[in-house]
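# Coordinate analysis (summary)
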Amino acid sequence: MSAHKPASNPETIDLKTPWLAALLSWLIPGAGQFYQRRYVKAFIFSFCILGSFFYGVALGEGRPVYSAYYEQREDQIFRKRNYGYLSQVLLGISTMPALIQSKRFEASQSDSSLDGTLNSHFEGTITGEPGQSSTVSGTIQLQKQPGMLGPEIRGTLSGSIAETGEPFAVELAEFEPGQDRLTLGPQVSANPQRKVFMRVENVTNGNLAPGSRLLGYAERPFLDWYQVPLQDEELRDLNARLGKRWELAMVFTWIAGLLNILCIWDAFEGPAYGFRPRVVQEDESKPAAT
Amino acid sequence: MSIPVLFYIFPMTAVISLVYSASRFEDTSAILRKAVRLFVQITVFLLGVLLLLYMLTVNL
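Residues numbered from 1 in each chain as written. Chains lettered and ligands numbered in written order. Predicted model: local features only at pLDDT ≥ 70, side-chain atom pairs only at ≥ 80, totals over all residues. Heavy atoms only, no water.

## A look at the overall build of chain A
Inclusion rule: Where helices and strands are cited, they refer to DSSP runs of H or I of at least four residues and of E of at least two residues respectively, numbered from the N terminus. For the exposure calls, accessible area comes from a 1.4 Å probe over protein chains only, and a residue counts as buried if that area is under 20% of its type's maximum, exposed if over 50%, partly exposed in between. Any two residues whose heavy atoms approach within 4.5 Å at even a single point are treated as in contact.
Summing up its helical and strand segments, chain A has 7 helices and 10 strands in all. Counting across all 290 residues of chain A, residues that qualify as buried make up 41%. Across chain A, the fraction of contacts at a sequence separation of at least 24, relative to all contacts at a separation of at least 6, is 62%.

Structure, rendered in C-alpha cells:
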C-alpha cells in the first residue's frame, strides 16, 4: 500500500484541532478548512457563504443586518427584536459590528449634537418667502462654536442651485439657538443620510435671502449607519422602495448564516460521507510483530 | 434593467447546492457532481411548484 499525506488520504482527513477549526469557520466561513489545509473546500465555503451574505447586504442597500436594541419612548423602554439576526450572527465577524452599533445607537438616540465637525455632501432646499424655494446641492461644513447661550452649531454651505446652476455660498446657524428644536438628526442611525435643519444667516455668494430655512440631508459616515438598528420609519421606507428585493436581501443573509452551520460542522467533524477524521491508533506507532 | 425576482432562485439554489455537497463529500469532483445534481433537482421541484400554482390560478 502506498503512503499518503494525511490530508489527501482517501479514507482519512487530518482535522488538526477540530474545535479551533470550527471556531475559525464561525468567525470567517471557510477559515477552519483553510487552517486544515483543505483549500478547495475553504474556497467553496467562503465564496458561496460570504458571497450570498454580501450580495444580500448590497441588495438591501447595506441595511439588512442589525441586532436588537432598546428604545425609549414616552418614559417607557421598549425592546425591539430582530429575530433574523439569530441566523445572521452565525456568520461571525461579518455581523459582529451590529452588536456594537446597537449599543452606540441606544446611547445616541436623543443625541442630535455635533461630535467634532461635519464635512460632507449635502442635498436639500432653501426656503425663503412663501412660495420661494430653491433646490440646492453642495458641500456642508458644520462645527460647534461658543455662542450667547452656550455652544452653537454653525457652519457654511457652498454649491449650486439645481434650477439655475448658479453657484452660491451661505453661512449657517442653528434655527433657534438654545431651544429644543432639532438642528441635526442623531449621529448614529441606520439612514446613510443625516437630516439638517438650519437658518441661513449670511449670504456670501449668490442670490439667496438671509433668514431663509435650509432643510435637507448630509451624507452620514459609513461607520455611523452600517449595521445600525432600523427603526419603523426606515423599515417602512425600505419596504416601499425596494419591495420584494428587501425581503430577498434579508433571506440571502439568513440563508448564508444557516449554511455556515454546515461549514462549521464540516470543520469540526469532516464531511458526512466517505471520509473519516484521522485517528492515530496506538499500534500504528509500534513496530508490527513478526 | 431590474432582474425579475424569480431569477434570484438560481444563484441561491446554486449556493445551497454547492455548500450542502461540500459538507457531504471531500473529493472536489464528487462535490461538483453532486452539487449539479442537487441544483437540477431543486430547480425542477421549484419550477414544478410554480407550474402547479400557475395552472391552479390561470382562470381566476
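That covers the picture; the talk isn't over yet.
## Here's the deal with the overall build of chain B
Counted only if it meets this: We get accessible surface area from the Shrake-Rupley algorithm with a probe of 1.4 Å; when it comes to residues, only the shown protein chains can shield them.
Along the backbone of chain B there are 2 helices and 0 strands. Approximately 4100 Å² of chain B is accessible, and the part contributed by carbon and sulfur atoms is 76%.

## Remarks on the packing of helix α3 (residues 39–59) of chain A against helix α7 (residues 244–269) of chain A
The axes of two packed helices give the description: the angle between them and the distance between them. Residue and element names in this part refer to chain A. The condition is simple: Lines fitted to C-alpha atoms define the axes, with helix axes restricted to the stretch in contact, and inter-axis angles between N-to-C directions lie between 0 and 180 degrees. Roughly parallel covers angles under 35 degrees, roughly antiparallel covers those over 145, roughly perpendicular covers 65 to 115, and oblique covers all other angles. Whether a crossing is left-handed or right-handed is set by the direction in which the near helix is turned from the far one by less than a right angle, anticlockwise for left-handed and clockwise for right-handed. For this classification, the nonpolar set comprises Ala, Val, Leu, Ile, Met, Phe, Trp, Tyr, Cys and Pro, the charged set comprises Asp, Glu, Lys and Arg, and every other residue, Gly included, is treated as polar.
It is at 7 Å that the axes of α3 and α7 come closest, and there the two elements cross at 160°. As the angle between them shows, α3 and α7 are arranged roughly antiparallel. Like other packed secondary-structure pairs, α3 and α7 cross with a definite hand, here left-handed. In this structure, α3 uses Lys 41, Phe 45, Ile 49, Ser 52, Phe 53, Tyr 55, Gly 56, Val 57 and Leu 59 to contact α7, whose residues at the interface are Arg 245, Leu 248, Ala 249, Phe 252, Thr 253, Ala 256, Leu 259, Asn 260, Cys 263 and Asp 266. Residue composition of the contact of α3 with α7, grouped by class: 12 nonpolar, 4 polar and 3 charged.

## Some remarks on the nonpolar core
To be explicit about the condition: Residues belong to one nonpolar core when they are buried, are Ala, Val, Leu, Ile, Met, Phe, Trp, Tyr or Cys, and are joined through side-chain atoms within 4.5 Å.
Of all hydrophobic cores here, the largest spans 28 residues; its most connected members are Ile 49 of chain A together with Val 19 of chain B. Elements supplying a minimum of two residues to this core: α3 and α7 of chain A together with α1 (9–24) and α2 (28–57) of chain B. Non-local contacts of Val 19 of chain B, meaning those with residues more than four positions away in its chain, are made with Phe 45, Cys 48, Ile 49, Leu 259 and Leu 262 of chain A. The next biggest cluster of nonpolar side chains, apart from the first, holds 20 residues, and it includes Leu 114, Ile 126, Val 170 and Leu 208 of chain A.

## Let's talk about the environment of Val 228 of chain A
If you trace the backbone, Val 228 of chain A turns up in the loop between β9 (213–219) and α6 (232–242). As a C-alpha pair, Val 228 of chain A and Arg 63 of chain A span 165 residues in sequence and 7.7 Å in three-dimensional space.

## As for the pairing of strand β7 (residues 167–174) of chain A
Moving residue by residue along a regular strand, the side chains alternate between the two faces of the sheet. Residue and element names in this part refer to chain A. Quick note on the threshold: By this definition, two strands are paired if DSSP reports at least two bridges between them.
Along β7, 6 of the 8 residues are buried, which leaves the element largely enclosed by surrounding structure. Here 7 bridges tie strand β6 (residues 150–161) to β7, and the two strands are oriented antiparallel to one another. Note on β7: the bridge partner recorded for Arg 154 is Ala 173. Once β6 ends, the chain turns through 5 residues before running back antiparallel as β7, passing Gly 165 with a positive phi of about 75°.

## Focus: the side chain of Gln 227 of chain A
With respect to the element layout, Gln 227 of chain A can be found in the loop between β9 and α6. The contact partners of Gln 227 of chain A, leaving out residues within four places of it in the chain, are Gly 62, Val 65, Tyr 66, Ser 94, Thr 95, Pro 97, Ala 98 and Gln 101 of chain A.

## Observations concerning the pattern of salt bridges
Residue and element names in this part refer to chain A. As a reminder of what qualifies: Any Lys or Arg side-chain nitrogen found within 4 Å of a carboxyl oxygen on Asp or Glu counts as a salt bridge.
Enumeration over the complete set of coordinates arrives at 11 salt bridges over all chains. Residue Arg 38 pairs with Asp 266 through a salt bridge whose shortest N-O separation is 2.9 Å. Taken together, the residues Arg 38 in the loop between α2 (31–35) and α3 and Asp 266 in helix α7 connect sequence positions 228 residues apart. Taken as a pair, Arg 38 and Asp 266 share a single burial class, namely buried. We note a salt bridge from Lys 80 to Asp 232, for which the minimum N-O separation is 3.0 Å.

## A short note on the interface of chain A and chain B
Reports of interface size often rely on the accessible area that becomes lost once the parts have come together. Note the cut-off: What counts as buried area is the accessible surface, traced by a 1.4 Å probe, that two parts surrender upon association, with contributions from both included. Here a polar contact is taken to be a pair of N or O atoms separated by no more than 3.5 Å, where protein atoms must pair a possible hydrogen donor with a possible acceptor and residues adjacent in sequence count only if both atoms sit in side chains.
Residue-level contacts link 24 residues of chain A with 19 residues of chain B. When chain A packs against chain B, the two sides together hide about 2000 Å² of surface, and 76% of this comes from carbon and sulfur. Between Glu 26 of chain B and Lys 41 of chain A there is a salt bridge, with the nearest N and O atoms lying 3.2 Å from each other. Taken together, the connections running from chain A to chain B amount to 8 residue pairs in polar contact (both at pLDDT 80 or more). Taken together, the elements giving at least two residues each to the side of chain A that touches chain B come down to α3 and α7 of chain A.

## Notes on the UniProt feature "transmembrane region" (unreviewed entry) in chain B
Defined as follows: UniProt positions are given in the numbering used here, feature names are shortened, and annotations may be inferred rather than shown by experiment.
In the UniProt entry, the feature "transmembrane region" (unreviewed entry) is given for residues 6–23 and 35–56 of chain B. Overall, residues 35–56 of chain B shows 100% helix and 0% strand. The separation of its end C-alpha atoms is 31 Å.

## Remarks on the packing of aromatic side chains
Residues and elements named next belong to chain A. Convention followed: Only Phe, Tyr and Trp rings are paired, with Trp represented by its six-membered ring, and only when their centres lie within 6.5 Å; those with planes under 30 degrees apart are stacked, over 60 edge-to-face, the remainder tilted. To sit over a ring, a charge needs its Lys NZ or Arg CZ within 6 Å of the ring centre and within 35 degrees of the ring normal.
Under the counting rule described, the total for this entry stands at 12 aromatic pairs over all chains. Seen from their ring centres, Phe 34 and Tyr 39 are 5.1 Å apart, and the 65° between their planes marks the pair as edge-to-face. By relative accessible area, Phe 34 is classed as exposed at 52%. Arranged with centres 5.4 Å apart and planes meeting at 85°, the rings of Phe 222 and Trp 225 form a pair that is edge-to-face. Residue Phe 222 is classed as partly exposed on the basis of its relative accessible area, which comes to 46%. Cation over ring: Lys 16 sits above Tyr 35, and NZ or CZ is 5.5 Å from the ring centre.

## What to know about the side chain of Glu 26 of chain B
Checked against the element boundaries, Glu 26 of chain B lands in the loop between α1 and α2. For Glu 26 of chain B, a relative accessible area of 12% corresponds to the buried category. Within the structure, the side chain of Glu 26 of chain B is placed 2.8 Å from the side chain of Arg 38 of chain A, a separation counted as a polar contact. Separated by 3.2 Å, the side chains of Glu 26 of chain B and Lys 41 of chain A make a polar contact.

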